[in-house]
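Okay, here's what each chain looks like letter by letter:
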Amino acid sequence: MMLTSILESIATFVPETVLVATFCVTLVSGLIARRKPAVPAALAFVGMLVTLWAVLQQAGTDRTIFSGLLAVDPFAVFFKGIVTVTTLFILLFSYFSTEVQTSVRRLAEYYALITAMALGMFLMAGANNMLMMVLGMELTSLSSYILAGFTKEASDSSEASLKYIIYGALSSGLMLYGISILFGLTGTLGFADLNHAIANAVPNYFALLVATILIIAGFGYKISAVPFHFWTPDVYEGAPVTITAFLSVASKAAGFAMLMRFFKVVFIDTSVLALPAGMWASLYGFEWNKLLAVLSVLTMTLGNLVAVWQNNLKRLLAYSSIAHAGYMLMGIVVLSDKGLAAVLLYFIVYLFMNLGAFYVVMLVADRTGSEDIDSYKGLGYRAPLLGVAMAIFLVSLTGLPPTAGFIGKLYLFAALLDARWIWLAIVGAINSVISLYYYARVFRNMFLRDPEGQATPVSIGRAQTVLLLVLLVPTLLFGLYFSPLVDLANASLVMVGVR
Amino acid sequence: MVTLTSYLILSAAMFIIGATGVLVRRNAIIVFMSIELMLNSVNLTLVAFSAFLGDSTGQALVFFVMTVAAAEAAVGLAIVIALFRRKQTVNLDEINILKW
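Residues numbered from 1 in each chain as written. Chains lettered and ligands numbered in written order. Predicted model: local features only at pLDDT ≥ 70, side-chain atom pairs only at ≥ 80, totals over all residues. Heavy atoms only, no water.

**Things to note about the pattern of salt bridges**
Residues and elements named next belong to chain A. Threshold: Criterion for a salt bridge: a side-chain nitrogen of Lys or Arg within 4 Å of a carboxyl oxygen of Asp or Glu. In this description a helix means any DSSP run of H or I spanning at least four residues, a strand means any run of E spanning at least two, and both kinds are numbered starting from the N terminus. Partly exposed residues are those whose accessible area sits between 20% and 50% of the maximum for their type, while under 20% is buried and over 50% is exposed, using a 1.4 Å probe and protein chains only.
This model, assessed by the stated rule, comprises eleven salt bridges over all chains. The salt bridge partner of Arg261 is Asp73, with a shortest N-O separation of 2.8 Å. Placement of Arg261 in helix 12 (residues 241–266) and of Asp73 in the loop between strand 2 (70–72) and helix 4 (74–96) is noted, with a sequence separation of 188 residues between them. Asp73 carries the same exposure label as Arg261, and that label is buried. Linked through salt bridges whose partners overlap, the residues forming this network are Glu159, Lys163, Asp234, Glu237 and Arg315.

Listed below in structure tokens is the structure:
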């Protein structure tokens, strides 16, 4: 009985199985083909392509596997897709990155750990039980601690790694303590059972609040929300650019997936029917969305204000990614399907614009050896394509038309106004204006300032140009033609066990 | 008499000591020890609740927490060693190239 259920579950566990196989094969290939670093890279890439295929096969599935531990539903499949596409881009970035290719000695382990991290994020996206939540988060975190410090020669890399693991371990400790209190209150770890237990017997309200705040600490660390963001700037600056880009998109997406599923499945009152379609009610006045609203305001305000003072572009993008986590939290605060769909849509857009911005930083840093904003002076003339591309990515991150970032923000703000969260929308709008200021500093350096010293032209190869265009074209195209994305986001809202 | 409350008070105390240790101690090794203390207070809470509720799910989670703690300690100490080779220190105040 147990065995048949496990065997049946494995049939819907194909993407994760492929990832595990890719991890093992990549690791072993590094031992066999010692002198050929391209072999593990190619194996990891092919493995991720097979994973993408397996994820696409899961489209339309809506069930739980392994006795309710993991959910395979359109929501999980959407985030697995985001993670897989990001991983494919990161593997290509790593292949082109001089920093990774020259200073990493054991490249096979580097690629293997990237696939291990992808596996952890798949488990986070599907976690339907607090045990799975912890395991997925820890697998992702442990791989990323190692990857953040992978360029051992750079001392700020291992420093970043140490800061990362201390904050990471602290917040996973806080989260686990929250989970243990929640288990004590309800006697269960599964999301659906938690919802029934809390809805049927009102537990100690204060203990529930403390447990929720502690669990939010764990989520907040993963999505780098203030005040759990302290690791973000240091790790983003110290880690290799490829890993920074990976953390800023995939890890954040997986953290958001877990957060949204946890709150939507556990803390929504499914018995309230007198609501307009697509709106939800929180359980008996336990207004967890107010907690997230506070978090959202703090996150975007601090992210944007501190970004103004940064001189290192990687660090600036780190603070901008903190601010983006704040914008995306707004979509969850409103308690509506529209808000959630807006967050999903934002992630598709964010994937292209943020990876694009980090890719340009990587290409420029590999050629000029500097990530300072000052070294971007005159870039628009030294490398016109790079300069224009960077400008478009930054405009998109600001959220101005005609780029994809505008569409993402538009739907977020529409959802906010729809649910009458006017003050939050105003705070969000003010923050977007602040963000324009520091992004504009980069434009000014690229196009209006003359380069200091000798103005060496920066040139990139043909393959790098193609990859840049693959990121650039969607950023522009999705700003004009976005209805398929909206449909995809709306179709991906289905979570197992939620009406 | 030893009741559930006694266990919970003990584990809360352990948790607070651990969390304080992470925040105030400046030696990386002691910080990792404090993290272990936090995770073990979680285990104590889970086992106590599990025994009190007569539900073994909590004890299953404890096994995973122990595994995670071991993995985290291994990675953490490896990182401390990598950093010590460069800087000859495990004092967190002296590890500060990166800030605000």
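**A look at the packing of helix 7 (residues 130–148) of chain A against helix 3 (residues 57–87) of chain B**
Worth spelling out the cut-off: Only the contacting stretch of a helix is used when fitting its axis, a line to C-alpha atoms as for every element, and angles between N-to-C directions run 0 to 180 degrees. Note that the term roughly parallel is reserved for angles under 35 degrees, roughly antiparallel for angles over 145, roughly perpendicular for angles of 65 to 115, and oblique for everything else. Contacts: residue pairs with any heavy atoms within 4.5 Å of one another. Only Asp, Glu, Lys and Arg are considered charged, only Ala, Val, Leu, Ile, Met, Phe, Trp, Tyr, Cys and Pro nonpolar, and every remaining residue, Gly among them, polar.
Two elements in contact, helix 7 of chain A and helix 3 of chain B, have axes separated by 11 Å at closest approach and are oriented at 10°. Taken as axis vectors, helix 7 of chain A and helix 3 of chain B run roughly parallel relative to one another. Packed against helix 7 of chain A, whose contacting residues are A:Leu131, A:Leu135, A:Glu138, A:Leu142, A:Tyr145 and A:Ile146, the element helix 3 of chain B presents B:Leu61, B:Phe64, B:Val68, B:Ala71, B:Glu72, B:Val75 and B:Ile79 at the interface. Considering only residue class, the contact of helix 7 of chain A with helix 3 of chain B consists of eleven nonpolar, no polar and two charged.

**Things to note about helix 20 (residues 462–480) of chain A**
Residue and element names in this part refer to chain A. Under the convention used in this document: Residue count minus one, scaled by 1.5 Å, sets the expected span of a helix.
Over its 19 residues, helix 20 extends 27 Å from the first C-alpha to the last, a length consistent with the 27 Å expected when each residue adds 1.5 Å. Residues of helix 20 that are buried include every one of Gln464, Leu467, Leu468, Leu471, Leu472, Pro474, Thr475, Phe478 and Gly479, and no others. Where helix 20 is buried, its residues touch helix 4, helix 15 (337–368), helix 17 (384–398), helix 18 (404–418) and helix 21 (483–491).

**Describing the layout of surface pockets**
Any empty space left between atoms is shown by rolling a water-sized probe over those atoms. Residues and elements named next belong to chain A. Quick reminder of the rule: Cavities and pockets were defined on a 1 Å grid built from protein atoms only: a cavity is a group of points that admits a 1.4 Å probe but offers it no way out, a pocket is an open group of points flanked by protein on both sides within 12 Å along at least five of seven lines, and a lining residue is one with an atom within 4 Å of any such point. Grid points are joined across faces, edges and corners, and a volume is the space filled by probe spheres set on the points.
The calculated volume of the second largest pocket comes to roughly 370 Å³. Contributing to the lining of the second largest pocket are 18 residues, with Val77, Phe78, Gly81, Ile82 and Leu488 lying nearest its centre. Contributing elements (two or more residues each) for the lining of the second largest pocket: helix 3 (38–57), helix 4, helix 15 and helix 21. Take the lining of the second largest pocket: its biggest share by element is six residues, from helix 4. Looking at the lining of the second largest pocket residue by residue, the class counts come to 15 nonpolar, three polar and no charged.

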